[in-house]
Amino acid sequence: MSEQSPAEYRIEELAHRSGATVRTIRAYQDRGLLPKPERRGRANVYGDSHLVRLRQISGLLDRGFTLASIKELLEAWDAGRGLGGVLGLVAEVDGPWTDEEADRITRAELDARFGGDPDDEAVEDAVELGVLVRVAGARDEFLVPSPQELAVAAELHSAGIPLLAISGHLRELRTQVEHIAGRFLDFTTEHVFQQYFDHTPSDDEAAEAASLVRRLRPLAQQTVDAELARAMRTLATRYLRRQLNEVTSAAPSPTPPCPHRPRTHADEADEGVALPTDLLHAVRELVGEEDAAAFVTAATLREVQARTMDELSSRRTARP
């Protein structure tokens, strides 16, 4: 049985098989990323090794490597140092950073989930943001990379927030979260990973760095979750108190009871004045069911006292 002869390609065929352009192949040769072809008469002949190298370069570019760093990695490869550890580190970083699994949803299911009214503009906005990804060959089906994010949007919409307002808020939030992620990466790189990045790491170093990525990966989310919970509690409490103060200040001042005047039916009716449901709910959330009545009473008395003092002061000022 005869051995199969090695494959040979002209540059145009190599470009077709690799997906690169002829111009790109020549540029790689000039930069030393691709070995020179074999000269056959007046023609240049390429082999499978060139095709493999072009695919390696393409894969590294897709992972965000620059041509300069790719050259260093390939030179290490040619010198007998494997790329397995480095590519393993790349795969670790490039892998999912959450345990959440993607889901699929049809357009009909999507419309039903958001109130039943089709909204093409909102869908296009969600696709642009990557909240929804169109499924190739399925016109009315979408991939949902984060079902949790979609569920939050549905809950906010059911609470009365317009869909386009939600997507606008998400855009703003992403900018801020990406800033936080960038700061966390800068911080960990400076104190942990810089030792691996000031040279082309060996397989053992790359494997060690990949292990550190696995250990540190959940810390960013845990830190943000804890700080977000703290900030929400602090700011929400402060915001609610301000809103309650504004509501109390805007309410009409009740007539202080006169100790020498007998109680009337009007007095009894005043004690039974109904407060807005939203206000009562907010107060219960703030201080609890048992202390809600005392809180409202104290807030009202404080306002009454303040207004009484203001009136007495104004009377004294108005005297000749």
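### Thoughts on the overall build of the protein
- Along the protein, the regular secondary structure elements total 13 helices and 5 strands.
- Looking at the 320 residues of the protein, the share that counts as buried comes to 24%.
- Across the protein, contacts joining residues at least 24 apart in sequence account for 58% of those joining residues at least 6 apart.
- Surface exposure of the protein reaches about 22,900 Å², of which carbon and sulfur atoms provide 54%.

### Topic: the packing of aromatic side chains
- Counted according to the given criterion, the structure contains 0 aromatic pairs.
- Looking at Arg-217, its charged tip hangs above the ring of Trp-97, at a distance of 4.8 Å from the centre.

### Quick look at helix α3 (residues 48-62)
- For α3, built from 15 residues, the straight-helix expectation of 21 Å at 1.5 Å per residue is met to within 8% by its first-to-last C-alpha distance of 21 Å.
- Turning to α3, its buried residues are His-50, Leu-51, Arg-53, Leu-54, Ile-57 and Leu-60.
- Of the residues trailing α3, Gly-64 is marked for its positive phi of about 95 degrees.

### What about the confidence of the model for the protein?
- Chain-level statistics for the protein give a pLDDT mean of 80 and a share of 73% at 70 or above.
- Every residue in residues 264-272 scores below 50 in pLDDT, and together they form 4 contacts with partners more than four places removed in sequence or on other chains.

### Some remarks on the sheet that holds strand β3 (residues 103-106)
- Pairing within the open sheet is antiparallel, and its 3 strands lie in the order β3-β5-β4. Each edge of the sheet is formed by a strand with only one pairing partner; in this case those strands are β3 and β4 (133-135). Here the average twist between neighbouring strands, direction ignored, is 40 degrees.

### Brief notes about the nonpolar core
- Leu-14 and Ile-25 are the most contacted members of the largest nonpolar core, which totals 17 residues.
- If you list the elements that add at least two residues to this core, you get α1 (11-18), α2 (22-30), α3 and α4 (67-78).
- Of all the elements, α3 adds the most residues to this core, at 4 residues.
- In this structure Leu-14 touches Tyr-9, Ile-25, Tyr-46, His-50, Leu-51 and Leu-54, once residues within four positions along its chain are discounted.

The rules we used
Residues numbered from 1 in each chain as written. Predicted model: local features only at pLDDT ≥ 70, side-chain atom pairs only at ≥ 80, totals over all residues. Heavy atoms only, no water. Helix = DSSP H or I, 4+ residues; strand = E, 2+ residues; numbered from the N terminus. Buried < 20%, exposed > 50% of the residue type's maximum accessible area, 1.4 Å probe, protein only. Contact = heavy atoms within 4.5 Å. Areas by Shrake-Rupley, 256 points an atom, 1.4 Å probe, with all protein chains shown as cover. Phe/Tyr/Trp six-rings, centres within 6.5 Å; stacked < 30°, edge-to-face > 60°. Lys NZ or Arg CZ within 6 Å of the ring centre and 35° of its normal. Expected span 1.5 Å × (residues − 1). pLDDT = per-residue confidence, 0-100. Pairing = 2+ DSSP bridges. Axes fitted to C-alpha atoms, helices over the stretch in contact; angles between N-to-C directions. Core = buried A, V, L, I, M, F, W, Y, C linked by side-chain atoms within 4.5 Å.

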